[in-house]
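Chain residues, written in single-letter form:
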Amino acid sequence: MLSPHTREEAAAESNCEDELPLLDLPADGAVLRTESYGRNAMVVFEDDTLFLSVSGTGWQVTGAGCLQRGESPYDCEVGG
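What comes next is a walk through the structure. Keep in mind the model is a prediction, meaning the values are calculated, not measured. (Residues numbered from 1 in each chain as written. Predicted model: local features only at pLDDT ≥ 70, side-chain atom pairs only at ≥ 80, totals over all residues. Heavy atoms only, no water.)

**Here's the deal with the packing of aromatic side chains**
(1) Moving on: Applying the stated criterion across every chain, the model contains 1 aromatic pair.
(2) Moving on: Here F51 and Y74 contribute two aromatic rings whose centre-to-centre distance is 5.2 Å and whose plane-to-plane angle is 80 degrees, an arrangement assigned as edge-to-face. A residue pair is termed long-range when its members are at least 10 positions apart, and F51 in strand 3 (residues 49–55) and Y74 in strand 5 (residues 72–79) qualify at 23 residues.
(3) Moving on: On the basis of relative accessible area, Y74 is assigned to the partly exposed category, the value being 22%. (Phe/Tyr/Trp six-rings, centres within 6.5 Å; stacked < 30°, edge-to-face > 60°. Helix = DSSP H or I, 4+ residues; strand = E, 2+ residues; numbered from the N terminus. Buried < 20%, exposed > 50% of the residue type's maximum accessible area, 1.4 Å probe, protein only.)

**Some words on the pairing of strand 5**
(1) Moving on: As paired strands, strand 4 (residues 58–69) and strand 5 are joined by 5 bridges and run antiparallel to one another. Bridge pairing links A64 to V78 in strand 5.
(2) Moving on: Connecting the antiparallel pair strand 4 and strand 5 is a turn made up of 2 residues, with G70 showing a positive phi of about 65 degrees. (Pairing = 2+ DSSP bridges.)

**Some thoughts on the nonpolar core**
(1) Moving on: Counting residues in each nonpolar core, the largest one holds 8 residues, listed as A41, V43, F45, L50, L52, V61, A64 and V78.
(2) Moving on: Within the residue set of this core, elements represented by two or more residues are strand 2 (40–45), strand 3 and strand 4.
(3) Moving on: With 3 residues, strand 2 is the largest single contributor of residues to this core.
(4) Moving on: If we ignore the near neighbours within four places in the chain, the residues touching V43 are V31, R33, T34, D48, T49, L50 and L52. (Core = buried A, V, L, I, M, F, W, Y, C linked by side-chain atoms within 4.5 Å. Contact = heavy atoms within 4.5 Å.)

**Structural notes on the pairing of strand 3**
In regular strands, side chains alternate between the two faces of the sheet.
(1) Moving on: Where strand 2 meets strand 3, 5 bridges bridge the pair, whose relative direction is antiparallel. Paired with V43 across the bridge in strand 3 is L50.
(2) Moving on: Connecting strand 2 to the next strand, strand 3, in antiparallel fashion are 3 residues.
(3) Moving on: As judged from the 5 bridges shared by strand 3 and strand 4, these two strands associate in the antiparallel manner. Along strand 4, the bridge assignment pairs V54 with W59.
(4) Moving on: Count of turn residues in the strand 3/strand 4 antiparallel hairpin: 2 residues.

Here you go:
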């Protein structure tokens, strides 16, 4: 479900199948809100925020494990 660019970043040191389980990403929990901006979207869960982008095959994750940092951009474990 990762976008190609995000998948490349996540696998920079190894491969996605090896790297992603090591990140200890939070369980998503209940959806608190969703926002869309053209071809991009943000889904805010209880303990996580995902960023998505629409492609020819549907929505793909561009950022996961993201935490809000006040007025600064989100800090994401994967992509961002």
